[in-house]
Amino acid sequence: MKKKVIAVALMFSAWLLLYFNLERCTDLFVYSILRLHKESPLTSAVYFFIYEVPKVLLLLTLIVFVVGIIRSYFSPERTRKMLGGKKLFAGNVLASLLGIVTPFCSCSAIPLFLGFVESGIPLGVTFSFLIAAPMINEVALVLLFGLFGWQTALLYMSTGLLIAMVSGYIIGRLRLERFVEEWVYAVKVSPVEFVEEKISFSSRIDLGRDAVKEIVGKVWLYILAGIAVGAGVHGYVPENFMASLMGKSAWWSVPVSVLIGIPMYSNAAGIIPIVQALLEKGASLGTVLAFMMSVIGLSLPETIILKKVLKLPLIFIFVGIVGTGIIIVGYLFNFLY
Amino acid sequence: MTTIKILGSGCSKCKTLNAKVLELVARNNLPVTVEKVEDLMEIMKYGILSTPGLVINGKVKSAGAVPKDEQILAWIIEG
């Protein structure tokens, strides 16, 4: 265990060293080694790429590791226990918050939905969880933080939570249980009483490391691609190109962005660097945030999966309410910024 | 004869677990039957909240993750 702690400490020191010298290293590489001219678009693009890739990857590795350890304290089973018996409003708030920290993969959406609903957790509370979990994931937050700063990341997280809580609450109030496929309520399963094995902290470190291997291993290529596109836009697209399409004056840009985003599904890693490029070229923050939320949070593949347990009207209502919430958030931020 | 069921439908972790278990059984020549359960209703009966699920001799041993080889072997030997 001591060895592990030392290893982690060493790696963290290396991380700090790398992270806080990125600008210097990039300057060195782009201007001295590659000898690129300061004012050319190519230099702009290359600088952007060389600077952002290690920065984002470093941030991602750190956060995924930390979140991996935090997540080892949570499990869907514990979340279900915590949500049991909570009434609608408190349940929505708790479910949304837990959605952030509970490990969730979209393939587990159905077993989780079934398990929650059958153990008596209200439909609206379950939905709050299902909205928050995919939308507010650590990859998205890290990327937002790395590319735009902590304010944007916090904004995304709080508005995402708000949408999850309110949408779930509304769905609960509308009493939409009749749109859940009957067989879901017919099967009465006694919840598996998981023997909660005590995990040593050493194992938690392993889990953090596994999470890094798994997640960074899965998304690094998307990040590279996304940043490459971002670099291209950064260097070559004229300053206000996006202003006419996604800028403030185009009032319809928010709903249109959301509508375009719904059938699109991308993991956060790929879409955010592109989002950054759009912002730089004049797209307004609200429109871009709305676009991002609808791409990540409302996915066509997920709704197709949910079709197995939910009837069509409920799926439409779900997409409609969340979509509307996202649109409102979009307008709000266009207005504020 | 120990029976192992792997509960999951199509996600990559489920395939990984399936392959891992089959390989462990073959490599160690264990008297175990391995079955992959992909039907949602069947999976639900075990009450797991995330896939993949590992069921050994009717008892759910893990859900949502791919356990380490040593752990799986230990569970099999336990019976």
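Residues numbered from 1 in each chain as written. Chains lettered and ligands numbered in written order. Predicted model: local features only at pLDDT ≥ 70, side-chain atom pairs only at ≥ 80, totals over all residues.

Looking at the overall build of chain B
Check the secondary structure of chain B and you find 3 helices and 4 strands. Listed by position from the N terminus, the elements making up chain B come as β-α-β-α-β-β-α. Computed over the C-alpha atoms, the radius of gyration of chain B is 11 Å, within 12% of the 12 Å expected from 2.2 N^0.38 for a compact globule of 79 residues. With the C-alpha coordinates of chain B rotated into their principal frame, the extents come out at 30 × 25 × 15 Å. Every one of the 79 residues in chain B was classed for burial, and the buried ones make up 30%. (Helix = DSSP H or I, 4+ residues; strand = E, 2+ residues; numbered from the N terminus. Rg over C-alpha atoms; globule rule 2.2 N^0.38 Å. Buried ≥ 20, exposed ≤ 12 C-beta atoms within 10 Å, placed from the backbone.)

Considerations on the overall build of chain A
Tallying secondary structure elements over chain A gives 17 helices and 0 strands in all. A compact globule built from 337 residues should have a C-alpha radius of gyration of about 20 Å, and chain A, at 22 Å, falls within 12% of that. For the C-alpha atoms alone, the extent of chain A along its principal axes is close to 70 × 60 × 30 Å. For chain A, with 337 residues in total, the buried portion stands at 41%.

Here we look at the interface of chain B and chain A
In this complex, chain B contributes 14 residues to the contact, which on the side of chain A involves 18 residues. Looking at which element gives the most residues to the side of chain B that touches chain A, the answer is helix α2 (residues 40-45) of chain B, with 4 residues. (Contact = placed C-beta atoms within 7 Å.)

Concerning the packing of helix α5 (residues 88-101) of chain A against helix α7 (residues 123-135) of chain A
Residues and elements named next belong to chain A. Following both chains from N to C, one finds α5 and α7 inclined at 25 degrees, their axes separated by 7 Å at the closest point. Between α5 and α7, the crossing angle belongs to the class labelled roughly parallel. Regarding α5 and α7, the two cross each other, and that crossing is right-handed. Across the interface between the two elements, L88, G91, N92, A95, S96, L98, G99 and I100 of α5 pack against G124, V125, S128, F129, A132 and A133 of α7. For the contact of α5 with α7, the residue count by class is 8 nonpolar, 6 polar and no charged. (Axes fitted to C-alpha atoms, helices over the stretch in contact; angles between N-to-C directions. Parallel < 35°, antiparallel > 145°, perpendicular 65-115°, else oblique. Left-handed = near helix turned anticlockwise from the far one by under 90°. Nonpolar A, V, L, I, M, F, W, Y, C, P; charged D, E, K, R; others polar.)

Looking at the nonpolar core
Inside soluble globular proteins, nonpolar side chains tend to come together where they are buried. A:A140, A:L143, A:I272 and A:M292 are the most contacted members of the largest nonpolar core, which totals 101 residues. Every residue in contact with A:A140, bar those within four places of it in the chain, is listed here: A:Y156, A:A268, A:I272 and A:I296. (Core = buried A, V, L, I, M, F, W, Y, C linked by C-beta atoms within 7 Å.)

Brief notes about the packing of helix α4 (residues 76-83) of chain A against α5(A)
Residue and element names in this part refer to chain A. The interhelical angle for the contact between α4 and α5, taken along N-to-C directions, is 165 degrees, at an axis separation of 10 Å. Considered as vectors, α4 and α5 are oriented roughly antiparallel to each other. Handedness of the crossing formed by α4 with α5: right-handed. Contact residues: T79, M82 and L83 in α4; G91, L94, A95 and L98 in α5. Grouping the constituent residues of the contact of α4 with α5 by class yields 5 nonpolar, 2 polar and no charged.

A word on the sheet that holds strand β1 (residues 2-7) of chain B
Residue and element names in this part refer to chain B. Reading across the sheet, the 4 strands line up as β2-β1-β3-β4 and stay open at both edges, with mixed pairing between neighbours. Two strands bound the open sheet, and with one partner strand each, they are β2 (32-37) and β4 (59-63). Strand-to-strand, the axes of this sheet are offset by a mean angle of 20 degrees, without reference to chain direction. Two elements, strand β3 (residues 53-56) and β4, share 4 bridges in a ladder whose sense is antiparallel. Across the sheet, the residue bridging to I56 is K59, located in β4. (Pairing = 2+ DSSP bridges.)

Focus on helix α13 (residues 253-261) of chain A
Looking at α13(A), one finds that the buried residues are A:S253, A:V254, A:S257, A:V258 and A:G261. Here the buried residues of α13(A) occupy an arc of 130 degrees about the axis, which is enough to place them on one side. (Arc of directions from axis to C-beta.)

Notes on the pairing of β1(B)
All names here are of chain B. Of the strand pairs in this sheet, β1 and β2 are connected by 6 bridges, and their pairing is parallel. Bridging across to β2, K5 finds its partner in E35. As for the winding sense of the linkage, the β-α-β connection from β1 through helix α1 (residues 12-28) to β2 is right-handed. Examined bridge by bridge, β1 and β3 share 4 bridges and lie antiparallel to one another. (Right-handed = clockwise from strand over helix to strand, strands pointing away.)

Things to note about the confidence of the model for chain B
This prediction gives chain B a mean pLDDT of 85; 99% of its residues lie at or above 70. Across the interface, the model reports ipTM at 0.79; the global pTM reads 0.82. (pLDDT = per-residue confidence, 0-100.)

Digging into unusual backbone geometry
Residues and elements named next belong to chain B. Between T51 and P52 the backbone carries a cis peptide bond, its omega angle lying at 0 degrees. Checked against the element boundaries, P52 lands in the loop between α2 and β3. Even without being a glycine, N29 presents a positive backbone phi close to 55 degrees. When you line up the elements, N29 lands in the loop between α1 and β2. A residue is classified by how many C-beta atoms lie within 10 Å of it, and N29, with 7 of them, is exposed.

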